[in-house]
2 protein chains.
Amino acid sequence: MKECLAKRMRNVNPSFVREILKVTEKPEIISFAGGLPNPKSFPIKEINQAAQKVLTSDGASALQYSTTQGDIGLREFIAERYRTKHGLDVSAKNILITNGSQQGLDLISKIFLNPGDPVVIERPGYLGAIQAMSMFEATFRSVSLENEGVDLSEFKEAIADYLPKFFYAVTNFNNPTGITYSAERKQQIANCLQKTNIFFVEDNPYGELRFFGEDVPLMYSYLPKQTILLGSFSKTISPGLRLGWVCADEEIIGKLVIAEQVASLHTNSFAQKVILQYLQDNDLDEHIAKIQNMYQQKRDLMVAELEKYFPKEVEFTRPEGGMFLWVTLPKGISAVEVFQEAIKQNIAFVPGDPFYVDKNGVSTLRLNYTNSSDEQIQRGVRAITKAIKKFLRECKINCVSDNSR
Amino acid sequence: MKECLAKRMRNVNPSFVREILKVTEKPEIISFAGGLPNPKSFPIKEINQAAQKVLTSDGASALQYSTTQGDIGLREFIAERYRTKHGLDVSAKNILITNGSQQGLDLISKIFLNPGDPVVIERPGYLGAIQAMSMFEATFRSVSLENEGVDLSEFKEAIADYLPKFFYAVTNFNNPTGITYSAERKQQIANCLQKTNIFFVEDNPYGELRFFGEDVPLMYSYLPKQTILLGSFSKTISPGLRLGWVCADEEIIGKLVIAEQVASLHTNSFAQKVILQYLQDNDLDEHIAKIQNMYQQKRDLMVAELEKYFPKEVEFTRPEGGMFLWVTLPKGISAVEVFQEAIKQNIAFVPGDPFYVDKNGVSTLRLNYTNSSDEQIQRGVRAITKAIKKFLRECKINCVSDNSR
């Protein structure tokens, strides 16, 4: 069959991450690998009430074909929230409901990318986006991510050299690193993109999950015509309902609507109406506050454990929100090898390799803290520490013998 | 923005059909245009019970991320039905759940088609498939559809000349024509494709809606390794839940799983579990029998009205199932012009143009009968008759004056 496949299929192989996630399905595994919300955060009872209400009051329209752009009430809710919480000048016309924000990435890639078209991404970058763009045969240029966002001089160089179709970034509690862009860095990036026809694709699935510190304005407020903003209910209400959205200039939304119609006609109308009913009958902010508390406690515990156990040569981020933190091992230690050691103790995480388009054997790794119990976090960190220490010793011995040559 | 867009976007314009469907949203319009199931056929109460059961018994897993290939119970149900009703040798491994069968078309196009790759389709062909393939810049060759399926000699010629990646067909109660392939024609097509590496993409959303006559074996039973079979719950349970599937050889499913993961991670897990619960607690065949009765009555009424009112020069199909019938006007009468006349009387249908990749101004049109009341069918047919007669008179006058030149 291989010879029948489109060329684009060469770019997307069964990923290492997928292999890892298969391993983590075993019940004995403590997994910091996935990006799963904690199921305790799901408002099951309220969703049940909303579903009953929708089916009782207007079941026929919830089960019928619907418009591609999405439920008007739901789009109005999302736009209203952007207006009041973020000061964005948007309305329902600027919103397209998608089958999770992953479909947003697929549709954006589809409408913009010819084979070989350059895009600029973060290094490390979100794997799902890299895969979506790879399917449309993008050429990647990645720019280092530092504490306040991408390195500005590298970014300017990449933009000038590559003239990409867009720059893609997860600006709040970044996946995989947990880093958040500063307002200043966003302003600098906006200045750099102004008067170009390069878009900023701002992926913001975790933005609502801030534990402390101040919200940073969304890129849309700096560059409204050039920002394509992705949002999702997956991390605040339920990922299983697969409801995300794109917020962008009407002209872009128009093109994305065509692409979505051709890709799947429209997003599940029952799920849209259920979420809308849930939002009308419940206080989303109150619900999100509960998730923030739950996740902050887990984040604090993991940070404390890492501070207590990890050797001082190991660095890690201290995210202000979101679901992940990012570990940098001393040079020369491969995170894949640490993974292979840790998995023997039934502990899983994602080694950094798949988040780089241009490197492997890297010494970074991602830890998720939202979906483990306190006891699992404690046991897991100790086991990873043990694995790191083993390689640290070997590395030191090798370094000595290297020096003696 | 235009200059930023991918080349593929040139192939998919806001379609005439979409414009028509916008018009038909007005409540005063009698619409034979869309392909909407009758909402009276939706098992709203049963879906409500199923949703409550799912959320009460295992809400957390219904609302969590899930596997890309789809709920194992649902895939087993689908495979079991194929085994017992159609004698196919398939299991859950051969099934991928998609976001409606439209996503199946998108994913199949994505994994197989390089720009310019040839595909063979029916003439007229299903618009949604033409659009999905156009997005991946397919080159089309269409083959005439006659009473028993595509014209065999044309088909053989197209296959030999074009060596397409696949042949796409809606073999049961075809959209737009209502035609069903005979077993003999399927066997002839299978003979022709055997020992090639050309796939048969058999799209079968209406197959369960047979009013009379005998089921024809699915293409999968003739060519198991080369058939990619698409199915859907949209016409039997609910289109709003967006649940379709692909049934194919495991190797193909493996590639489609990768493509779906990248396109949307997975299909709504709540909807999958709700449908599965519905299927476990209810008799699908009993439910389908009710829909068949409802639609046959409407089909019979429309056929009777067309026989009564349409001028004898006008031909139309008499489908054995499904949702559409296909009208062929005398040569020289444009269905678009008839549409423009009928819409003045608030009657809508789809003129044939968009179902042809290589023609326009055609004299064919599609009528849907499932979503109108008896009275609407009667009034609608009379108004269309009036519009046709107007052009028939003009045509005769022009023909005379043409002859007199």
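As shown above, the structure is provided for reference.
It should be emphasised that the depicted structure is a prediction, and the values quoted were computed from it without experimental measurement.

Undergrad: Help me understand the overall build of chain A in this model?
TA: Each helix and strand in chain A was counted, giving 13 helices and 14 strands. Its C-alpha atoms give chain A a radius of gyration of 22 Å, within 12% of the compact-globule value 22 Å for 405 residues. Seen through its C-alpha atoms, chain A measures out along the principal axes to roughly 75 × 50 × 50 Å. Taking the intrachain contacts of chain A between residues at least 6 apart in sequence as the baseline, contacts between residues at least 24 apart amount to 75%. Charge separation in chain A, taken as the distance between the mean sites of 47 positive and 48 negative side-chain charges, equals 4 Å.

Undergrad: Help me understand the sheet that holds strand β10 (residues 315–316) of chain B, please; the structure alone is not making it clear to me.
TA: Strands in a sheet are paired, the pairing made by backbone hydrogen bonds, and the direction either parallel or antiparallel. Residues and elements named next belong to chain B. With antiparallel pairing, four strands are arranged side by side in an open sheet as β10-β11-β14-β13. Two strands in the sheet have a free side with no partner beyond their single neighbour: β10 and β13 (350–351). Across five bridges, the pairing between strand β11 (residues 324–328) and strand β14 (residues 364–368) is antiparallel. In the strand pairing of β14, Thr 328 is matched with Thr 364.

Undergrad: I would appreciate a short explanation of the relation of the copies chain A and chain B in the present structure.
TA: In this arrangement, two copies of a chain are superimposed by a rotation about an axis accompanied by a shift along the axis. Each copy of the sequence occupies a distinct position, and chain A is placed on chain B by a rotation of 180 degrees and an axial shift of 0.0 Å, giving an RMSD of 0.0 Å. A rotation of that kind, with that shift, is consistent with a two-fold axis. Residue by residue, 100% of the interface of chain A is reproduced at the interface of chain B, so both copies engage with the same surface.

Undergrad: Sorry, what's going on with the packing of aromatic side chains here?
TA: Remark: the centre distance and the inter-plane angle together describe each pair of aromatic rings, the angle taken between the planes. For the coordinates displayed, the defined rule picks out 22 aromatic pairs over all chains. Between Phe 112 of chain A and Phe 199 of chain A, the aromatic rings sit 5.0 Å apart at their centres with planes inclined by 40 degrees, giving tilted as the arrangement. Placement of Phe 112 of chain A in helix α4 (residues 100–112) and of Phe 199 of chain A in strand β7 (residues 199–203) is noted, with a sequence separation of 87 residues between them. With relative accessibility at 6%, the residue Phe 199 of chain A sits in the buried group. Measuring from ring centre to ring centre gives 6.2 Å for Phe 112 of chain B and Phe 166 of chain B, while their planes differ by 70 degrees; the resulting arrangement is edge-to-face. With Phe 112 of chain B in helix α4 (residues 100–112) and Phe 166 of chain B in strand β6 (residues 166–169), the pair connects residues that are 54 residues apart, well separated along the chain. Here the two residues Phe 112 of chain B and Phe 166 of chain B agree in accessibility, since each one is buried.

Undergrad: Would you mind showing me how to read unusual backbone geometry here?
TA: Most peptide bonds adopt trans geometry, and most residues besides glycine take a negative phi value. With an omega dihedral of 15 degrees, the bond running from Asn 175 of chain A to Pro 176 of chain A counts as a cis peptide bond. You can see Pro 176 of chain A is positioned in the loop between β6 (166–169) and α7 (183–193). At Arg 242 of chain A, a position not held by glycine, the phi torsion is positive, near 50 degrees. Since its relative accessible area comes to 1%, Arg 242 of chain A is described here as buried. The phi dihedral of Leu 163 of chain B is positive, around 40 degrees, even though this residue is not glycine.

Undergrad: What exactly am I supposed to notice about the sheet that holds strand β2 (residues 95–99) of chain B here?
TA: All names here are of chain B. Strand order in this open sheet of eight strands is β2-β9-β8-β7-β6-β3-β4-β5, and the pairing throughout is mixed. The open sheet has two edge strands, β2 and β5 (149–150), and neither has a second partner. Strand direction decides the pairing type here: strand β8 (residues 227–232) and strand β9 (residues 243–247), joined by four bridges, are antiparallel. Bridge pairing in β9 places Ser 232 opposite Gly 244. Strands in contact with α4 are β2, β6, β7 (199–203), β8 and β9; relative to β2, the strand with the most contacts, it is inclined by about 110 degrees.

Undergrad: How should I be thinking about the interface of chain A and chain B in this particular structure?
TA: It is common to report an interface's size as the accessible area lost on association of the parts. Listed per partner, the contact involves 70 residues of chain A and 70 residues of chain B. Its largest share of buried area at the contact with chain B, chain A owes to Met 1, Leu 63 and Tyr 65 of chain A, together 11% of the area lost on that side. The tally of links from chain A across to chain B stands at two salt bridges. One salt bridge connects Asp 106 of chain A with Lys 110 of chain B, and the closest N-O pair in it is separated by 2.4 Å. Mapped onto the side of chain A that touches chain B, the elements with two or more residues apiece are α2 (44–63), α4, α5 (127–134), α9 (250–264) and α10 (269–281) of chain A. Looking at the side of chain A that touches chain B residue by residue, the classes come out as 35 nonpolar, 23 polar and 12 charged.

Undergrad: Explain the state of the cysteines to me, please; I cannot follow it from the model alone.
TA: Here a disulfide denotes one covalent bond, and it connects the sulfur atoms of two cysteines. Counted according to the given criterion, the structure contains zero disulfides over all chains. Take Cys 4 of chain A: it sits in no disulfide, and the sulfur closest to it among the cysteines is that of Cys 192 of chain B, at 16 Å. The exposure class assigned to Cys 4 of chain A is buried, which follows from its relative accessible area of 6%. Cys 247 of chain B takes part in no disulfide bond, and the closest cysteine sulfur, belonging to Cys 4 of chain A, lies 18 Å away. Exposure remark for Cys 247 of chain B: the relative accessible area of 0% places this residue in the buried category.

Undergrad: Can you walk me through the pairing of strand β3 (residues 118–123) of chain A in this structure?
TA: Every regular strand shows the same layout, with side chains that alternate between the two sheet faces. Residues and elements named next belong to chain A. Most of β3 is tucked away, with six of its six residues classed as buried. Sheet topology places β3 next to strand β4 (residues 139–146); six bridges connect them, and they run parallel. The residue of β4 that forms the bridge with Pro 118 is Thr 139. Two elements, β3 and β6, share two bridges in a ladder whose sense is parallel. The partner of Ile 121 across the bridge, within β6, is Tyr 168.

Undergrad: I tried to follow the pairing of strand β4 (residues 139–146) of chain B on my own but got confused; where do I start?
TA: All names here are of chain B. Within β4, six of the eight residues are buried, leaving the element largely enclosed by the surrounding structure. Considered for its hand, the β-α-β crossover made up of strand β3 (residues 118–123), helix α5 (residues 127–135) and β4 is right-handed. Sheet topology places β4 next to β5; two bridges connect them, and they run antiparallel. Its bridge partner being in β5, Glu 146 is matched across the sheet by Gly 149. Following β4, the chain reverses through two residues before pairing antiparallel with β5.

Undergrad: What am I meant to see in the packing of α2 of chain A against helix α2 (residues 44–63) of chain B here?
TA: For any two helices packed against each other, one specifies the inter-axial angle together with the distance between the axes. Interaxial distance between α2 of chain A and α2 of chain B falls to 10 Å at its minimum, and their mutual angle equals 150 degrees. Classified by the angle their axes make, α2 of chain A and α2 of chain B are roughly antiparallel. Classified by chirality, the crossing of α2 of chain B by α2 of chain A is right-handed. Facing Ile 44, Ile 47, Asn 48, Gln 52, Leu 55, Thr 56, Gly 59, Ala 60 and Leu 63 of chain A of α2 of chain A, the residues of α2 of chain B in contact are Ile 44, Ile 47, Asn 48, Gln 52, Leu 55, Thr 56, Gly 59, Ala 60 and Leu 63 of chain B.

Undergrad: Would you mind going over the environment of Val 119 of chain B with me for this structure?
TA: Residue and element names in this part refer to chain B. Looking at the secondary structure, you find Val 119 in strand β3. C-alpha separation for the pair Val 119 and Ile 198, spaced 79 residues apart in sequence, amounts to 9.6 Å. Here Val 119 is in contact with Leu 113, Met 133, Ala 138, Thr 139, Phe 140, Arg 141, Pro 164 and Phe 166, once residues within four sequence places are set aside.

Undergrad: Help me out: how do you make sense of helix α1 (residues 16–23) of chain B in this one?
TA: Helical geometry note: an α-helix holds 3.6 residues per turn, so side chains three or four residues apart project in the same direction. When we look at burial in α1 of chain B, the residues that qualify are Val 17, Arg 18 and Ile 20 of chain B. Looking straight down α1 of chain B, one finds that the buried residues subtend no more than 160 degrees of arc, so they occupy a single side. Close packing links the buried residues of α1 of chain B with α9 of chain A together with α5, α12 (335–344) and β13 of chain B.

Undergrad: So what exactly am I meant to see when it comes to the pattern of salt bridges here?
TA: Pairing between side chains of opposite charge can happen when the charged atoms of each approach one another. On inspection of all chains with the given rule, the structure shows 50 salt bridges over all chains. Measuring nitrogen to oxygen at the nearest pair gives 3.7 Å for the salt bridge that ties Glu 305 of chain A to Arg 382 of chain A. On the criterion of sequence distance, the pair formed by Glu 305 of chain A in helix α11 (residues 284–309) and Arg 382 of chain A in helix α13 (residues 374–404) is long-range, its members being 77 residues apart. Between Arg 141 of chain B and Glu 157 of chain B there is a salt bridge, with the nearest N and O atoms lying 3.7 Å from each other. Of the two residues, Arg 141 of chain B sits in strand β4 while Glu 157 of chain B sits in helix α6 (residues 152–162), which places them 16 residues apart along the sequence. On the basis of relative accessibility, which here comes to 44%, the residue Glu 157 of chain B falls in the partly exposed class. Each of Arg 81, Lys 85, Glu 208 and Asp 285 of chain A takes part in salt bridges that share partners, so that together they form one network.

Thresholds applied
- Every residue gets a number counted from 1 within its own chain, in the order that chain's sequence is written.
- Following the order in which they are written, the chains are lettered starting with A and the ligands numbered starting with 1.
- With pLDDT at 70 or above as the cut-off, local features in this predicted model cover only qualifying residues; side-chain atom pairs require 80 or more to be listed or tallied, and sums for whole chains, interfaces and linings still use all residues.
- Computation of side-chain values covers all heavy atoms of the structure but excludes hydrogens and water.
- Segments assigned H or I by DSSP are reported as helices when at least four residues long, segments assigned E as strands when at least two residues long, and all are numbered from the N terminus.
- A radius of gyration in this sense is built from C-alpha atoms; the matching globule rule multiplies 2.2 Å by the number of residues raised to 0.38.
- By definition, residues are in contact when any of their heavy atoms lie within 4.5 Å.
- Charged-residue counts in this description rest on Lys and Arg as positive and Asp and Glu as negative, His and the chain ends being excluded.
- The atom standing in for a charge is NZ when the residue is Lys, CZ when it is Arg, CG when it is Asp and CD when it is Glu.
- Any two strands are treated as partners once DSSP identifies two or more bridges connecting them.
- Copies overlap after least-squares fitting; the atoms used are the C-alpha atoms of residues with pLDDT of at least 70 in both.
- Pairing of aromatic rings covers Phe, Tyr and the six-membered ring of Trp, with a centre-to-centre limit of 6.5 Å; geometry is then stacked below 30 degrees between planes, edge-to-face above 60, and tilted otherwise.
- Burial status follows relative accessibility: with a 1.4 Å probe on protein chains alone, a residue under 20% of its type maximum counts as buried, one over 50% as exposed, and anything between as partly exposed.
- Comment: axis = line fitted to C-alpha atoms, over the contacting stretch for helices; angle = value between 0 and 180 degrees taken between N-to-C directions.
- The buried area of a pairing is the accessible area, by a 1.4 Å probe, that goes missing from both parts when the two are put together, added over both.
- Salt-bridge detection follows one rule: a side-chain nitrogen of Lys or Arg within 4 Å of a carboxyl oxygen of Asp or Glu.
- Three residue categories are used. Nonpolar comprises Ala, Val, Leu, Ile, Met, Phe, Trp, Tyr, Cys and Pro, charged comprises Asp, Glu, Lys and Arg, and polar comprises the others, including Gly.
- Only a pair of cysteine sulfur atoms within 2.5 Å counts as a disulfide in this structure description.
- For the handedness criterion, the strands are oriented away from the viewer, and a crossover whose path from the first strand over the helix to the second runs clockwise is classed as right-handed.
- Oblique is the label for every angle not falling under 35 degrees (roughly parallel), over 145 degrees (roughly antiparallel), or within 65 to 115 degrees (roughly perpendicular).
- Each crossing is labelled by how the near helix is turned from the far one, with a counterclockwise turn of less than a right angle marking it left-handed and a clockwise turn marking it right-handed.
- Note: the arc covers the axis-to-C-beta directions of the helix.

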